[in-house]
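Okay, here's what each chain looks like letter by letter:
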Amino acid sequence: MVREPGTTPFQVDLRRHLREHEEDRDLTRVICEIATASRYVINAIRTGDLGVAGTSNLYGEEQLALDVLSDRILRKRLIHSGVISTIASEETDEIINVNLNGKYSITYDPLDGSSLVDVNLAVGTIIGIYRGDNVLQRGRNMVAAMYILYGPRCTLVYSTGSGVHEFAMNSLMEYTLIQEHVKMQPAGTIYSPGGQRNKYSPGVEKFISSLEAKGSKLRYSGGFVPDINQVLIKGQGIFMYPHLEGAPNGKLRLLYELNPMAFIMEQAGGAASNGRERILDIEPEGIDQRSPVFIGSKEDVAMAEKFIAEFG
Ligand code: AHG
Ligand code: MN
Ligand code: MN
Ligand code: MN
């Protein structure tokens, strides 16, 4: 797409970019509603209650007031869009049926890394968008995925299947374009290893040693969204939260965290695997399904699969 002469990227806002890249007005509306929701989430993060909500989510994890508030904010804006059929949220026990004639179903993690807010580390919102009313679809059926990263800058990354595009929130709380068609290099020099090293399998252990042998540097914040964003925006490297001793499916959630990020990473020319197969090919069995994940530069992901195939 050739940009009109004289318009610098910062003058292109999210709505205009979507108009240029996406002819489905309903999809544009959903993405813009989510962008609007992020303004309320930011205010909640910056000024809201950091305490516990006294409830737990479908994983039995204690919810923070921010988890519950962010969940409510997103749900309200999505229902307001008028085109949603069903919603599945990491912070809600069951699937929410909004309108059976709705065009899209949504999976989201309203505030990933919420337990990092009280130590002022970056957190994010992760969204997957599907056609129809079934949220238990393979990730490869996604029509769009996006995330919002609440860090020193508030940035939004989206893909509707025509590349990956990054925006930053300006002083008017509008998202303006930073870069289009983010691209991943085939191999990287950073790695982001989740979980506990003493619970890694021999294959994962050997894979990490091979990364260190080639001089890769460890970069890990404990927040999935900033950790993935670092690999994506630097255009190289690998994030992993592998199978662990005692946790064969690792920790991260297929519907709410892995599928949307795998969609975005593949759109940028990267790869995302559970150690054996593409994340986007996994047939979800339940809304609470977890999976190991190796995601980032294609050659690094392929190397992880090779070590796991050989050593487990
Ligand atoms: P959430 O805050 O949505 O529950 O997710 C937290 C996740 C993810 O952000 C991160 O990659 C992972 O937890 C870190 O897990 P460890 O604390 O076990 O490293
Ligand atoms: Mn949580
Ligand atoms: Mn999460
Ligand atoms: Mn969460």
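Here the structure is shown first, and the text comes after it.
Just so it is clear, the structure is predicted and the values come from calculations on it, not from any experiment. (Residues numbered from 1 in each chain as written. Chains lettered and ligands numbered in written order. Predicted model: local features only at pLDDT ≥ 70, side-chain atom pairs only at ≥ 80, totals over all residues. Heavy atoms only, no water.)

Details of the environment of Asn99
Stage number 1. Position of Asn99 relative to the elements: it lies in the loop between strand S4 (96-97) and strand S5 (104-112).
Stage number 2. Along the sequence, Asn99 and Ser209 sit 110 residues apart, while their C-alpha atoms lie 50 Å from each other.
Stage number 3. Not counting chain neighbours up to four residues away, the residues in contact with Asn99 comprise Ile84 and Ser85. (Helix = DSSP H or I, 4+ residues; strand = E, 2+ residues; numbered from the N terminus. Contact = heavy atoms within 4.5 Å.)

Points about helix H6 (residues 254-267)
Stage number 1. Of all 14 residues making up H6, twelve are buried, and the element is well covered by its neighbours.
Stage number 2. Within the span of H6, buried status applies to Leu254, Leu255, Tyr256, Glu257, Leu258, Asn259, Pro260, Met261, Ala262, Phe263, Ile264 and Met265.
Stage number 3. Following H6 by one or two positions, Gly269 has its phi on the positive side, about 90 degrees. (Buried < 20%, exposed > 50% of the residue type's maximum accessible area, 1.4 Å probe, protein only.)

Comments concerning the coordination of the manganese ion (ligand 4)
Stage number 1. The manganese ion (ligand 4) binds to the protein through Glu90 (OE) and Asp109 (OD), with metal-donor distances spanning 2.2 to 2.3 Å.
Stage number 2. A spacing of 3.8 Å is found between the manganese ion (ligand 4) and the manganese ion (ligand 2). Remark: Asp109 occurs in strand S5 and Glu90 occurs in the loop between strand S3 (84-89) and S4; sequence separation between them is 19 residues.
Stage number 3. Looking at Glu90, the relative accessible area reads 4%, which means it is buried. (Donors = N, O, S within 2.8 Å, 3.2 Å for Na, K, Ca; no water.)

Bear in mind that shape data such as this cannot, by itself, settle questions of function.
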